[in-house]
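Results of the structural survey
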Amino acid sequence: MKSKRDRGIDRREFIEISGKAGIGIGLSAVPLLTSSCTEVSTTKTVHGACYHDCPDRCSWKVTTVDDEVTAFQASEDNPYTAGKLCDKMVDFPNDVTFHPDRILTPLKRVGDKGQGAFEKISWEQAIREVAFKLQSIIDQKGGEAILPYSFGGNQGMVQGDAIPNRFFAHIGASQLERTICGSAAVAGVLATNGQTTGVLPEDIVHSRYIVLWGTNPMLSNQHLWPFIQKAKNQGAKIVVVDPFKSLTASEADWHIQPNPGTDTALALGLMHVILAEGLQDQDYIDRYTLGVDQLKEHVQKFDPESVARITGLEPETILEFAKAYAQSTPSLIRVLIGMEHQANGASAFRAVAMLPALTGAWRHFGGGLMHMTYELFGASLDWESISLPQVLANPQTRSINMIELGKALNDEALNPGIDALFVFNSNPAVTTPNQSAVLRGLQKKDLLTVVSEHFLTDTARYADYIFPATTVLENWDILDSWGSTYININEPAIAPLGASKPNSELFRLLAGEMGFTESYLFESDIDIVKKTLQSDHEYLKGITFESLRESGGQRLNLPEKWMPHAEGNFKTTSGKCHFYDAGIQPSLPTYIPVTYGKKDQEEYPLHLLTIKTPRYFLNSSHANVDHILEKEGKPYLEIHPSDAAARNIADGHEVKVFNQRGSVYLAARLSQKVTRGVVCMPQGYWLSQFRGGSSANALTTDLLTDMGRGGAIQETKVEITKV
Ligand SMILES: Nc1nc2c(c(=O)[nH]1)N[C@H]1C(S)=C(S)[C@@H](COP(=O)(O)OP(=O)(O)OC[C@H]3O[C@@H](n4cnc5c(=O)[nH]c(N)nc54)[C@H](O)[C@@H]3O)O[C@H]1N2
Ligand SMILES: Nc1nc2c(c(=O)[nH]1)N[C@H]1C(S)=C(S)[C@@H](COP(=O)(O)OP(=O)(O)OC[C@H]3O[C@@H](n4cnc5c(=O)[nH]c(N)nc54)[C@H](O)[C@@H]3O)O[C@H]1N2
Ligand code: SF4
Ligand SMILES: [Mo]
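Residues numbered from 1 in each chain as written. Chains lettered and ligands numbered in written order. Predicted model: local features only at pLDDT ≥ 70, side-chain atom pairs only at ≥ 80, totals over all residues. Heavy atoms only, no water.

Next up on the list: the overall build of the protein chain. Regarding its fold elements, the protein chain presents 28 helices and 28 strands. In terms of C-alpha radius of gyration, the protein chain reaches 26 Å, essentially the compact-globule figure of 27 Å for 723 residues. Projected onto its principal axes, the C-alpha coordinates of the protein chain cover approximately 80 × 55 × 50 Å. Out of the 723 residues belonging to the protein chain, those deemed buried represent 62%. When contacts within the protein chain are restricted to residue pairs at least 6 apart in sequence, those whose partners lie at least 24 apart make up 75%. By element, 49% of the accessible surface of the protein chain is carried by carbon and sulfur atoms, the whole surface being about 27100 Å². Each charge sign in the protein chain was given a centre, from 67 positive and 84 negative side chains, and these centres are 3 Å apart. (Helix = DSSP H or I, 4+ residues; strand = E, 2+ residues; numbered from the N terminus. Rg over C-alpha atoms; globule rule 2.2 N^0.38 Å. Buried < 20%, exposed > 50% of the residue type's maximum accessible area, 1.4 Å probe, protein only. Contact = heavy atoms within 4.5 Å. Areas by Shrake-Rupley, 256 points an atom, 1.4 Å probe, with all protein chains shown as cover. Lys, Arg positive; Asp, Glu negative; His and termini not counted. Charge placed at Lys NZ, Arg CZ, Asp CG, Glu CD.)

Structure follows, in structure tokens:
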């Protein structure tokens with residue numbers, strides 16, 4: 001690739017100019033005469049898709065002229081993307097692929113861990129040294145002394161799962177419980193319904209009462225928002241349940257603002273009112289549910305007054321909410337992730353998921369629960385082609401929970417201890433709770449840390465070796481979705497920049513260097529993509545490698561009117577919706593608050609939310625890009641004026657937020673977006689961007705959720721002082 005200097009034109013400027021000029025978009029490579037008529041250029045457009053951990057999974061097209069990107073555009077062909085990428089991604093080629101800070105050669109640490117001093121080395125040297133070190137650890141301690149650490153940085157099935165999963169399974173590495181996002185939510189909904197796929201995103205337009213429960217689609221699920229707006233224009237009422245006045249809550253007809261982590265009680269309270277007022281659909285209950293008698297008894301104690309004491313809401317609010325929900329048709333509850341990061345998070349999902357069965361909302365098109373869509377892909381794609389679970393699964397290999405990374409790295413009793421940490425598609429120094437413990441672990445002299453990355457993240461700074469990863473514009477992939485019904489392949493638009501290589505190639509090279517010969521370790525990306533699509537499943541009818549290459553994202557071939565539980569058909573053991581399940585402990589969703597001793601309550605009285613309020617970041621991704629940081633502005637701690645006054649804090653004051661795990665310095669913003677006793681700061685900023693060098697997760701707990709072994713990240717208590 002030519003550099004900016006070679007070209008004498010700023011690349012962003014160039015893309016903008018050529019994008020506006022509307023360079024021809026065709027799928028095949030088209031030879032094009034340039035203005036001088038002396039050279040022949042090749043214009044090419046390929047389809048790709050957003051790799052981010054985002055429910056929308058947008059489709060895009062990339063046009064290149066002679067391997068130079070000239071246009072990066074949202075796909076019009078995928079109606080869910082609808083020709084619009086979000087603010088985070090519109091300038092992706094400049095912000096990530098061609099960003100001047102991008103790592104383009106392997107690096108080896110020369111300074112102290114965390115200092116960020118590295119020398120450039122060749123791939124040959126890097127692969128040779130890392131392979132040798134991994135093999136020595138395996139020989140001395142066994143594969144379990146190696147811990148892979150990856151998450152949503154790249155959700156492509158090839159670059160996120162296939163070859164990396166095969167490699168680590170093959171060497172017998174510790175398994176990572178990848179539960180930081182979705183596990184608690186899914187565990188809760190599965191306990192009730194046995195499946196998470198309920199109402200499909202587009203069908204929300206048919207709803208007349210939409211409850212956005214602990215989710216912020218205007219920011220986190222932006223392509224769902226137009227459908228919600230359409231429903232609103234057709235008369236739907238929009239209710240948001242959120243302890244924080246999010247962007248979405250500000251636009252809602254009604255914002256219900258309970259105390260954080262009390263949703264289980266709120267949902268049980270709604271069920272109390274619905275049953276007490278006779279608003280249930282008895283026929284639906286009799287036919288398709290299990291355990292209503294136990295539920296009736298269980299919700300006795302969740303009368304509006306008791307629930308009001310727990311949630312901080314008025315009893316009338318609970319009464320009114322229950323009645324309005326139960327008496328509207330079709331009524332829909334949209335849940336996603338937000339509510340799960342509480343100690344009681346899974347129970348909250350389990351309880352909320354019961355409401356549509358109690359009222360029979362599932363009978364009506366556009367009514368029920370909307371959660372995830374990934375099961376549709378799980379059912380239809382050839383998953384065995386990805387991670388080869390049948391060949392490689394070894395339940396004997398120990399698992400380490402990703403939320404407890406800090407604990408695991410520092411655990412002297414762990415046998416074998418973790419000698420090597422291999423990070424890719426994740427930035428745990430910023431995104432994993434209990435940051436101080438994570439950093440303490442990363443600082444250990446005897447830990448080998450290998451990171452594959454685009455940038456020198458806060459995690460990569462601690463690496464012994466850094467491998468330069470390609471971006472999505474430079475590699476093949478296939479992408480399912482957890483929030484939409486479209487499947488995409490991602491075709492590389494340009495050759496890898498510098499010496500960057502896809503994750504898959506990194507692990508193929510390591511496998512080769514370590515002397516492995518099993519063919520599954522060396523399968524090519526494109527072969528994996530093709531094999532994954534080889535399925536006779538009806539959802540994939542008309543969807544092939546060729547058709548995806550031609551048209552970009554395609555909708556799964558789903559029945560026209562998707563109403564999964566209109567007549568029961570729950571995927572539980574009984575086939576019914578489980579209000580009660582003797583096989584699960586507790587057998588009914590139960591509100592069990594975390595109890596703190598008197599001293600802790602006095603020392604750390606405020607409940608801290610560290611949530612995704614930044615519009616321009618995706619978790620910690622993009623938070624290193626100057627113009628994005630400028631747009632996003634300084635991070636603030638939102639604090640209720642009465643809590644601020646009690647601490648002599650005025651708007652704009654620098655404050656220290658602290659607890660037993662760490663402290664973070666930032667400016668206070670007096671705000672009615674939080675209720676008394678709750679404070680909120682954004683998640684995503686890098687710790688190197690804060691005075692004191694620690695960010696939101698320095699304060700958060702690594703406590704696990706009630707089910708699903710997710711992270712109760714938001715069960716965090718703090719105190720605040722002016723500095
Ligand atoms: N701009 C942007 N978009 C993103 C992301 C991003 O970082 N930035 N991240 C992506 C990822 S990884 C994910 S998982 C999704 C998540 O998308 P969502 O499911 O929408 O989740 P969050 O944005 O984490 O949280 C949504 C809301 O839940 C609220 N909440 C917190 N605790 C509670 C509680 O106890 N009860 C209730 N009722 N609500 C609570 C928060 O205040 C927040 O406003 O967004 C994706 N989209
Ligand atoms: N306090 C608090 N903590 C949270 C949350 C919260 O709401 N509050 N949310 C949690 C949630 S829901 C999630 S999903 C997690 C997300 O946590 P992470 O999965 O760690 O997400 P990111 O911060 O986006 O980091 C992804 C990294 O992968 C890199 N990357 C992207 N593509 C590639 C590739 O192809 N190859 C390689 N090698 N690297 C690549 C990016 O450059 C980036 O640095 O954070 C969790 N942590
Ligand atoms: S981050 Fe989400 S909304 Fe933005 S382009 Fe990617 S998939 Fe679309
Ligand atoms: Mo997430």
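Judged by how many residues are buried, strand E3 (residues 59-65) sits mostly within the fold: 7 of 7 residues are covered. Of the two faces of E3, the one lined by Ser59, Lys61, Thr63 and Val65 and the one lined by Trp60, Val62 and Thr64 are each fully buried. Pairing analysis gives 7 bridges linking strand E2 (residues 40-49) to E3, with the strands arranged antiparallel. Paired with Lys44 across the two strands is Thr64, which belongs to E3. As judged from the 6 bridges shared by E3 and strand E4 (residues 68-74), these two strands associate in the antiparallel manner. Residue Val62 lies in a different strand from E4, and its bridge partner there is Phe72. Where E3 folds back on E4, the antiparallel hairpin that results is connected by 2 residues, among which Asp66 adopts a positive phi of roughly 50°. (Pairing = 2+ DSSP bridges.)

Before going further, it helps to spend a moment on the nonpolar core. The biggest cluster of nonpolar side chains holds 78 residues, and the ones touching the most others in it are Trp60, Leu421, Leu473, Leu637, Val657, Met681 and Ile720. Summarising the domain contributions, this core has at least three residues from each of domain 1 (4-9 + 103-174 + 398-477 + 505-552) and domain 3 (598-722). Counting residues in hydrophobic clusters, the runner-up holds 74 residues, among them Ile228, Ala249, Leu313 and Val335. (Core = buried A, V, L, I, M, F, W, Y, C linked by side-chain atoms within 4.5 Å. Domains from an automatic or database assignment.)

With that settled, consider unusual backbone geometry. For the bond running from Asn415 to Pro416, omega is -5°, close enough to zero to count as cis. Considering the arrangement of structural elements, one finds Pro416 in the loop between helix H20 (405-410) and strand E16 (420-424). Of note in this structure, Ala82 is not a glycine but carries a positive phi near 55°. For Ala82, the position within the fold is in the loop between E4 and helix H3 (92-97). Even without a glycine there, the phi angle at Asn648 is positive, about 55°. As for its position among the elements, Asn648 is in the loop between helix H28 (641-645) and strand E25 (654-658). When its relative accessible area of 58% is taken as the criterion, Asn648 is described as exposed.

Counted residue by residue, helix H22 (residues 435-442) has 6 buried out of 8 residues, so it is predominantly covered. Looking only at H22, the buried set comprises Gln435, Ala437, Val438, Leu439, Gly441 and Leu442.

For ligand 2, the set of nearby residues contains 32 residues, the closest of which are Thr431, Glu453, Thr610, Ser620 and Ser621. Ser452 places a side-chain nitrogen or oxygen 2.8 Å from a nitrogen atom of ligand 2. The fraction of the free accessible surface of ligand 2 (930 Å²) that becomes covered by protein chains is 97%. For the shell around ligand 2, the class distribution of residues is 8 nonpolar, 21 polar and 3 charged. The two domains that each donate at least three residues to the shell around ligand 2 are domain 1 (4-9 + 103-174 + 398-477 + 505-552) and domain 3 (598-722). (Near = heavy atom within 4 Å. Polar contact = N/O pair within 3.5 Å; in protein donor to acceptor, adjacent residues only side chain to side chain. Nonpolar A, V, L, I, M, F, W, Y, C, P; charged D, E, K, R; others polar.)

Relative to the elements of secondary structure, Asn475 occurs in the loop between strand E18 (465-468) and strand E19 (477-479). With a relative accessible area of 3%, Asn475 lands in the buried category. A C-alpha to C-alpha distance of 7.5 Å links Asn475 and Asn490, two positions 15 residues apart in sequence. Excluding anything up to four places from it in sequence, Asn475 contacts Gln159, Thr470, Asn490, Glu491, Pro492 and Pro502.

Turning to the pattern of salt bridges, a few remarks are in order. Under the definition given, this model contains 24 salt bridges. Asp77 is the partner of Lys61 in a salt bridge, and the nearest nitrogen-oxygen pair spans 3.7 Å. Here the residue Lys61 occupies a position in strand E3, and Asp77 occupies one in the loop between E4 and H3, the gap between them amounting to 16 residues. Lys61 sits in the buried class, given a relative accessible area of 14%. Among the ionic pairs, Arg709 bridges to Glu177, the shortest N-O distance being 2.8 Å. With Arg709 in the loop between strand E27 (678-682) and strand E28 (716-722) and Glu177 in strand E8 (residues 175-177), this pair connects stretches of sequence that are 532 residues apart. Taken together, the shared-partner salt bridges in this structure form one network comprising Asp281, Asp283, Arg287 and Arg363. (Salt bridge = Lys/Arg side-chain N within 4 Å of Asp/Glu carboxyl O.)

Take it as geometry only, folks, not as evidence of what the structure does.
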